[in-house]
Amino acid sequence: IMAMYKSEDKTNYTEINEMPTSGYLINEEKTYCTIDNKTQVKGKIKTVNGIHGLYNITKNDKCYLYFDKYVPPITIDNIITAASPKNTTPNFANAAESDEGVYKVSDGMYGGTSYYWRGAVTNNYVKFAGKCWRIVRINGDGSMRLIYDGTTCHTNGTKTTDSIAKTGAAYNISYDRSEYVGYTYTTGSQRTTSGSPSNLKTQNETWYSNNLASYASKIADGKYCNDRNIGTSYSWSSQTSSTFYYAGYDRSGAKNASSVSPTLSCPLGDVYTLKVGAITMDEVVMAGGKWRTANSSFYLYNGNFYWTMSPYNTSSVSQAGTFDVDPNGYLDWSRVSYNSGLRPVINLKPDTLFAAGGNGTQSNPYVVE
């Protein structure tokens with residue numbers, strides 16, 4: 001009435017005389033019964049809590065059970081180990097045009113250690129929610145930060161709008177007050193995490209609702225930085241009657257090309273806890289981007305403009321500006337009312353599991369179970 005087979009590779013099966021008691025899982029897709037040696041039917045075999053039951057069996061039924069060797073899923077810790085993180089600090093004054101690998105750094109927002117991918121890396125592809133993503137970093141709490149790469153996975157150096165969730169999206173519609181660099185803003189306040197939402201926040205959350213809301217159980221409440229500290233020797237003003245720069249200007253290389261110092265720390269009043277956000281200027285630099293130096297090789301290049309969450313300046317010609325990524329792959333800035341691109345960032349929970357066998361490459365990405 002019953003024949004059994006097992007496989008080590010889910011392809012080649014050998015007949016066995018005893019049912020495996022451990023180390024194997026029943027392959028419910030291949031397992032079936034026949035009636036009168038002809039009609040294949042499903043449902044006569046049911047597996048509950050590891051017990052395989054045969055139901056409604058007659059003398060003319062024959063059942064075929066297939067077992068696959070169990071391979072444990074991949075964890076985020078497994079991904080970190082496979083990446084062989086470096087303890088050194090790269091020269092951020094240089095654009096990363098080759099595969100520089102993964103680096104460790106202190107995580108000022110989450111605490112602990114963060115691991116970030118840099119340059120033309122090819123081992124940070126993830127498939128989730130029917131879409132492709134690239135790993136930006138593993139946060140200090142063990143969650144995984146991803147940036148949207150499109151409906152399909154793209155090779156480094158590919159120019160494509162598929163990795164832009166929305167084109168023609170202003171960071172903010174208005175631009176004639178310094179407050180408009182805020183991801184949220186309140187007139188007369190340098191910083192707030194409440195108040196009016198920026199257009200970028202509204203567009204991000206609309207896209208999330210339309211595409212990821214049903215996957216919310218997998219997505220962490222991530223921390224996102226909108227650093228509105230003021231740069232050295234400047235002071236904040238609500239009006240745009242005088243020019244001043246934000247702290248990101250000092251760190252980015254825009255002020256001094258040889259002095260670049262990205263950070264994962266963020267002023268407490270500028271940290272948002274959200275399901276979806278945007279990448280920061282500091283994360284772009286860590287990934288291999290450089291101020292106004294073309295780089296079509298690193299993994300964040302897509303040949304399009306897209307926003308970061310990092311303020312750049314407020315100028316005397318009545319315009320507030322925010323950092324963005326240029327179509328040539330370099331770090332730049334634009335007035336907040338400029339129609340740039342939307343490239344959402346999310347964080348997967350620390351206990352996320354990925355299907356066995358993935359290695360993070362374009363052809364074999366890590367697939368969220």
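Everything quoted here is computed from the prediction, not taken from an experiment.

Asker: Can you explain the overall build of the protein chain? Please cite residues and give values.
Answerer: If you tally the helices and strands in the protein chain, you get four helices and 27 strands. Structurally, the protein chain occupies a C-alpha span of about 90 × 40 × 35 Å along its principal axes. Counting the 369 residues in the protein chain, one finds 52% classified as buried. Carbon and sulfur atoms make up 45% of the accessible area of the protein chain, which amounts to about 16,000 Å² in all. In the protein chain, which carries 34 positive and 31 negative side-chain charges, the distance between the mean positions of the two groups comes to 2 Å.

Asker: Describe unusual backbone geometry, naming the residues involved and giving the relevant values.
Answerer: Generally, phi is negative for residues other than glycine and the peptide bonds are trans, each holding for most cases. The backbone of Asn56 sits at a positive phi, close to 55 degrees, despite the residue not being glycine. As for its position among the elements, Asn56 is in the loop between strand 7 (51-54) and strand 8 (61-69). Residue class for Asn56 comes out exposed when judged on its relative accessible area of 66%. Of note, the phi angle at Arg292 is positive, near 50 degrees, even though the residue is not glycine. Within the secondary structure layout, Arg292 lies in the loop between helix 4 (281-287) and strand 21 (306-315). Owing to a relative accessible area of 46%, Arg292 belongs among the partly exposed residues under this scheme.

Asker: Please give an account of helix 1 (residues 76-83) that cites residues and values.
Answerer: Those residues of helix 1 lying buried are Ile76, Ile79, Ile80 and Ala83. In a view along the axis of helix 1, the buried residues occupy a sector of 100 degrees, so they form one face of it. Along helix 1, exposed side chains directed more than 90 degrees from the buried face belong to Asp77, Thr81 and Ala82. Downstream of helix 1 by a residue or two, Ser84 has a phi angle that is positive, lying close to 50 degrees.

Asker: Can you break down a nonpolar patch on the surface residue by residue, with the values?
Answerer: There is a patch of nonpolar side chains on the surface, built from Ile1, Met2, Met19 and Leu54 and spanning about 340 Å² of accessible area. Position of Leu54 among the secondary structure elements: in strand 7.

Asker: Quick one: what's the story with the state of the cysteines, residue by residue and with numbers?
Answerer: Taken as a whole and assessed by the stated rule, the structure comprises three disulfides. What pairs with Cys132 in a disulfide is Cys153, and their sulfur atoms sit 2.0 Å apart. Between Cys132 and Cys153 the disulfide shows an S-S torsion of about 100 degrees. By sign, it is right-handed. Of the two residues, Cys132 is situated in strand 13 (residues 131-138) and Cys153 in the loop between strand 14 (144-150) and strand 15 (166-170); the sequence distance between them amounts to 21 residues. Judged by its relative accessible area of 16%, Cys153 is buried. Covalently, Cys225 is tied to Cys266 through a disulfide, its sulfur atoms 2.1 Å apart. What sets the handedness of the Cys225 and Cys266 disulfide is the S-S torsion sign, and at about 85 degrees it is right-handed. With Cys225 in strand 18 (residues 222-225) and Cys266 in the loop between helix 3 (247-252) and strand 20 (271-274), this residue pair connects regions lying 41 residues apart in the sequence. As far as the burial class goes, Cys225 and Cys266 line up, both buried.

Reading guide: rules and limits
Residues numbered from 1 in each chain as written. Predicted model: local features only at pLDDT ≥ 70, side-chain atom pairs only at ≥ 80, totals over all residues. Heavy atoms only, no water. Helix = DSSP H or I, 4+ residues; strand = E, 2+ residues; numbered from the N terminus. Buried < 20%, exposed > 50% of the residue type's maximum accessible area, 1.4 Å probe, protein only. Areas by Shrake-Rupley, 256 points an atom, 1.4 Å probe, with all protein chains shown as cover. Lys, Arg positive; Asp, Glu negative; His and termini not counted. Charge placed at Lys NZ, Arg CZ, Asp CG, Glu CD. Arc of directions from axis to C-beta. Patch = residues over 30% accessible without salt bridge, like charges linked within 9 Å, V, L, I, M, F, W, Y side chains within 5 Å. Salt bridge = Lys/Arg side-chain N within 4 Å of Asp/Glu carboxyl O. Disulfide = S-S within 2.5 Å.

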